[in-house]
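Chain by chain, the residues:
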Amino acid sequence: MSVPGIDVSDFQDPVNWSTVASQGINFALIKATEGKSFRADTFRDKWRDAKTAGILRGAYHFFRPNRTGEDQADNFLQALDSAGGLGVDDISPVLDIEVKDGVSSDVIRERCLIWLAKVEAETGRKAIIYTGSSFGKTNLSANAKFADYSLWVAHYITGKPEVPGRWKTCAIWQYTDKGKVKGISGNVDLNWFNGSTDALKAFATGDNSQIRSDSLFDDLLNRGDEGEAVRQVQQLLITKGYDVGPSRADGDFGANTESAVTRFQRDNNLPITGIVDPATLEKLSQ
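Residues numbered from 1 in each chain as written. Predicted model: local features only at pLDDT ≥ 70, side-chain atom pairs only at ≥ 80, totals over all residues. Heavy atoms only, no water.

Engineer: Go over helix α7 (residues 228-239) with me, naming the residues and quoting the values.
Structural biologist: In a regular helix each residue adds 1.5 Å, so twelve residues correspond to 16 Å; α7 covers 16 Å between its end C-alpha atoms and thus fits that length. All of the buried residues along α7 are V230, V233, Q234, L237 and I238. Looking down the long axis of α7, one finds its buried residues gathered within 140 degrees of arc, a one-sided arrangement. Considering only its buried residues, α7 is in contact with α8 (255-267) and α9 (278-285). Following α7 by one or two positions, G241 has its phi on the positive side, about 95 degrees. (Helix = DSSP H or I, 4+ residues; strand = E, 2+ residues; numbered from the N terminus. Expected span 1.5 Å × (residues − 1). Buried < 20%, exposed > 50% of the residue type's maximum accessible area, 1.4 Å probe, protein only. Arc of directions from axis to C-beta. Contact = heavy atoms within 4.5 Å.)

Quick look at the structure:
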């Protein structure tokens, strides 16, 4: 199954973490630092409050290629330490690499690897790489070392994400930056973890063995999907009083079905995605 999560920065403030958790959000990745010296104003509070709400938490660093990897690793590690440090059940540190800042790909790879090595040496945890599907292919894939790190990929499409070359799968898929979650005002990034809740808990402690490698998010029904599974979802929506459009249960996941799913999720305190995930299907089937 796929497990829902969010990622947040200073732009999402305040966050009502208990409300977020009540919707089945299982994990949150929180911006801690950027570049050589920037530290997120709200990181310490988010780091504490997410854990208090029972949400698996992780911290990420936004990498600036025009600064050294060592300086940026120091900034991240100091911010993490000042917020209470990395717990044994926290998600491994994340390196967010998505901009070039006028720096060549060779230098980007070199500086990123320095950051990754230092953070692993200090925390004892192998980091996760966040990148866009295109950026990762263009700027990271030339060095096979990056595929040794778990991938959190950003790809804003319906269907399935594209995994950059070298990686065979991804652990996390950021599929939109315009999500809606109760407890957060405005838009928020939404993510799926590629596995079960038990696999997520194992992943949080550095065990990647349960991440699915044979398929990518095949338990999600998106706009554009067709077939019997879609027809069954449409019928369940109709039974519960949600209008899926004049074609009714035709097995075609179009705009009307997406709208009905969104309304159902809003009414049932689920993350409002318009995507039928295992939690939405379970609630529909009750």
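Engineer: Which residues make up the layout of surface pockets, and what are the values?
Structural biologist: Here the idea is plain: a probe the size of a water molecule rolls over the atoms and shows the empty space left. Its boundaries defined by the atoms lining it, the largest pocket holds a volume of some 280 Å³. If you trace the largest pocket, you find 16 residues lining it, with Y175, T176, E258, T273 and I275 closest to the centre. Tallying contributions element by element places strand β8 (residues 172-179) first for the lining of the largest pocket, with four residues. Residue composition of the lining of the largest pocket, grouped by class: six nonpolar, six polar and four charged. (1 Å grid on protein atoms, 1.4 Å probe; cavity = no way out; pocket = protein on both sides within 12 Å on 5 of 7 lines; lining within 4 Å. Points joined across faces, edges and corners; volume = space filled by probe spheres on them. Nonpolar A, V, L, I, M, F, W, Y, C, P; charged D, E, K, R; others polar.)

Engineer: Please give an account of the packing of aromatic side chains that cites residues and values.
Structural biologist: Taken as a whole and assessed by the stated rule, the structure comprises nine aromatic pairs. Summarising the aromatic geometry, the rings of F43 and W47 are spaced 5.4 Å apart at their centres and angled 35 degrees between planes, so their arrangement reads as tilted. With F43 and W47 both in helix α2 (residues 43-52) and four residues apart, the pair spans about one turn of that helix. For F43, a relative accessible area of 3% translates into the label buried. Since its relative accessible area comes to 1%, W47 is described here as buried. Geometrically, the ring pair formed by W173 and Y175 is tilted, given 5.6 Å between the ring centres and 55 degrees between the ring planes. Y175 carries the same exposure label as W173, and that label is buried. Members of the aromatic cluster, connected to one another through ring pairs, are W173, Y175, W192 and F217. Sitting over the ring of Y149, K126 keeps its end group 4.2 Å from the ring centre. (Phe/Tyr/Trp six-rings, centres within 6.5 Å; stacked < 30°, edge-to-face > 60°. Lys NZ or Arg CZ within 6 Å of the ring centre and 35° of its normal.)

Engineer: Could you give an account of the nonpolar core, naming the residues involved and the relevant values?
Structural biologist: I6, F43, W115 and L116 are the most contacted members of the largest nonpolar core, which has 52 residues in total. Among the elements that line this core, the one with the most residues is helix α4 (residues 105-123), at six residues. F27, L56, I91 and A171 belong to the second largest nonpolar core, which has 19 residues in total. (Core = buried A, V, L, I, M, F, W, Y, C linked by side-chain atoms within 4.5 Å.)

Engineer: Break down the pattern of salt bridges for me, with residues and values.
Structural biologist: Taken as a whole, this structure holds 17 salt bridges when the rule is applied. A salt bridge links E34 to K31; its shortest N-O distance comes to 2.5 Å. A relative accessible area of 19% places E34 in the buried class. Its salt-bridge partner being R223, residue E258 comes within 3.2 Å of it at the nearest N-O pair. Note that E258 is positioned in helix α8 and R223 in the loop between α6 (197-204) and α7, a separation of 35 residues in sequence. E258 sits in the partly exposed class, given a relative accessible area of 24%. A residue is classified by how much of its surface remains accessible, and R223, at 40% relative accessible area, is partly exposed. Connected via shared salt-bridge partners are K31, E34, R64 and D101. (Salt bridge = Lys/Arg side-chain N within 4 Å of Asp/Glu carboxyl O.)

Engineer: With reference to specific residues and values, describe the pairing of strand β7 (residues 150-154).
Structural biologist: Of all five residues that make up β7, five are buried, and the element is covered over most of its length. The sheet contact formed by strand β6 (residues 128-132) and β7 spans five bridges and is parallel. From the neighbouring strand, T131 faces β7, where its bridge partner is V153. Handedness of the crossover joining β6 and β7 through helix α5 (residues 133-139): right-handed. Relative to β8, β7 runs parallel, the two sharing three bridges. Paired with A154 across the strands is Q174, a residue of β8. (Pairing = 2+ DSSP bridges. Right-handed = clockwise from strand over helix to strand, strands pointing away.)

Bear in mind that shape data such as this cannot, by itself, settle questions of function.
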